[in-house]
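As a plain string of letters, each chain reads:
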Amino acid sequence: MKPSRKSKVEQRHYNMSRIHSKDTAPEILLRKALWKEGIRYRKNYKMLPGTPDIAITKNRIAIFCDGEFWHGKDWSEKKKRIQKNREYWIPKIERNIKRDIDVQNQLRYLGWYVIRFWGNDIKKDVALCVNEIKEAMIYAEWENLITLRIRLQKFSFGGGVL
C-alpha cells in the first residue's frame, strides 16, 4: 500500500511550522563569527523593544538578522509576484516592515545603534557583516567618550577643560 501524500494545504502548514524566529541559520553563523572575534553579546535580548537577535550591551548596538520574505526585501517588486493568499500576505509583510521601522526608531530614541542584515547577506559574506559591527563598536566608543566628556564638563566644579 502506498503512503498517502499530504495535500498542498497540509504541506504548506508543515513547511510554515518549521520556520523559526530564533536561532536561524544566518543568525547562528553571525553569532559564531562574532564569538570567534572575541565580541560578546546577548542573544534575543528581551530588555529592548523588538527583542534584537543580537545585542552588544557594552556598546549599545542592536543587531537584527532579517529574512528577506518576512521583512520585505525589494517589497515593491516581490509583492507583485505573490499569487496565493494575497489578502493575507501583503498586509502581513507590510505590518512587519512598519513594525521594523517603529522598533528601529524606539531603539534610536533609547540611544542604541541599530544594524539590520538580510539573511542572505550574512550567508554570502559574514566577514563583511562582522566588520560593519566592529566599525559600529568603534563609533559607539567615541560617542560614549564624547558623552562622558560633556557630562564631566557639565558637572565639574573646577571649571577646567578636560
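In this text, all values refer to a predicted model and were calculated from it rather than measured experimentally.

So, how was this worked out
- Residues numbered from 1 in each chain as written.
- Predicted model: local features only at pLDDT ≥ 70, side-chain atom pairs only at ≥ 80, totals over all residues.
- Heavy atoms only, no water.
- Helix = DSSP H or I, 4+ residues; strand = E, 2+ residues; numbered from the N terminus.
- Buried < 20%, exposed > 50% of the residue type's maximum accessible area, 1.4 Å probe, protein only.
- Areas by Shrake-Rupley, 256 points an atom, 1.4 Å probe, with all protein chains shown as cover.
- Core = buried A, V, L, I, M, F, W, Y, C linked by side-chain atoms within 4.5 Å.
- Contact = heavy atoms within 4.5 Å.
- Disulfide = S-S within 2.5 Å.

Caption draft 1: Region of the structure containing the overall build of the protein chain. Helix and strand content of the protein chain: 6 helices and 4 strands. Sequence-ordered secondary structure for the protein chain, helices as α and strands as β, is α-α-β-β-β-α-α-β-α-α. The 162 residues of the protein chain split such that 30% are buried. Working note: accessible area of the protein chain is about 12,000 Å², and carbon and sulfur atoms make up 55% of it.

Caption draft 2: Here's a closer look at the nonpolar core. Ranked by internal contacts, the top residues of the largest apolar core, which has 18 residues, are Leu30, Leu34, Ile56, Ile63, Phe117 and Ile133. Counting residues per element, the ones that place at least two in this core are α2 (25–36), β2 (54–56), β3 (61–66), β4 (113–118) and α6 (126–155). Of all the elements, α6 adds the most residues to this core, at 5 residues. If we ignore the near neighbours within four places in the chain, the residues touching isoleucine 63 are Leu30, Pro52, Asp53, Ile54, Ile56, Ile115, Phe117 and Ile133. One finds Tyr45, Leu48, Phe64 and Val114 within the second-largest nonpolar core, a separate group that totals 9 residues.

Caption draft 3: Layout of the state of the cysteines. Within this structure, the stated rule accounts for 0 disulfides. Looking at cysteine 129, it has no disulfide partner, and the nearest cysteine sulfur is the one in cysteine 65, 8.2 Å off.

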